[in-house]
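Structural overview for review
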Amino acid sequence: MTATRILHETAHRLRLGLAPDADAPALADSLERLPGVQSVRHNAALRCVAVQHDGRPGTRAAVLACQARS
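Residues numbered from 1 in each chain as written. Predicted model: local features only at pLDDT ≥ 70, side-chain atom pairs only at ≥ 80, totals over all residues. Heavy atoms only, no water.

**Digging into the pairing of strand β2 (residues 13-17)**
Relative to β2, strand β1 (residues 5-10) runs antiparallel, the two sharing five bridges. In the sheet register, E9 faces β2, and the bridge partner there is L14. Adjacent in sequence and paired antiparallel, β1 and β2 are bridged by two residues. Direction of pairing for β2 relative to strand β4 (residues 48-53): antiparallel, over a ladder of five bridges. Along β4, the bridge assignment pairs G17 with C48. (Pairing = 2+ DSSP bridges. Helix = DSSP H or I, 4+ residues; strand = E, 2+ residues; numbered from the N terminus.)

**Considerations on the pattern of salt bridges**
All chains considered together, the criterion is met by three salt bridges. Notably, a salt bridge pairs R33 with D29, separated by 3.0 Å at the nearest N-O pair. A salt bridge links R56 to D54, with the shortest nitrogen-to-oxygen separation between them at 4.0 Å. Classification of R56 by relative accessible area gives exposed; the value is 57%. (Salt bridge = Lys/Arg side-chain N within 4 Å of Asp/Glu carboxyl O. Buried < 20%, exposed > 50% of the residue type's maximum accessible area, 1.4 Å probe, protein only.)

**A word on the side chain of T59**
Looking at where T59 falls in the secondary structure, it is placed in helix α2 (residues 57-69). For T59, a relative accessible area of 7% corresponds to the buried category. A polar contact of 2.9 Å, which involves the side chain of T59, links it to the side chain of D54. If sequence neighbours within four positions are ignored, T59 has contacts with P35, G36, V37, H53 and D54. (Polar contact = N/O pair within 3.5 Å; in protein donor to acceptor, adjacent residues only side chain to side chain. Contact = heavy atoms within 4.5 Å.)

Listed below in structure tokens is the structure:
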């Protein structure tokens, strides 16, 4: 388990940094399945994912929990 790194955040979007050992495709797949998540974009060069969501606090918490498990 790794610490969550929020690189940038707006009301409906999170950009999360990935740990060097994170499985980015698996994380993106897991994030896309969360209720309230609208889209996930993975940037391999920057080692991050951008998550567009519904803006609800519960969705944000679920995204961060999912990322922390990766």
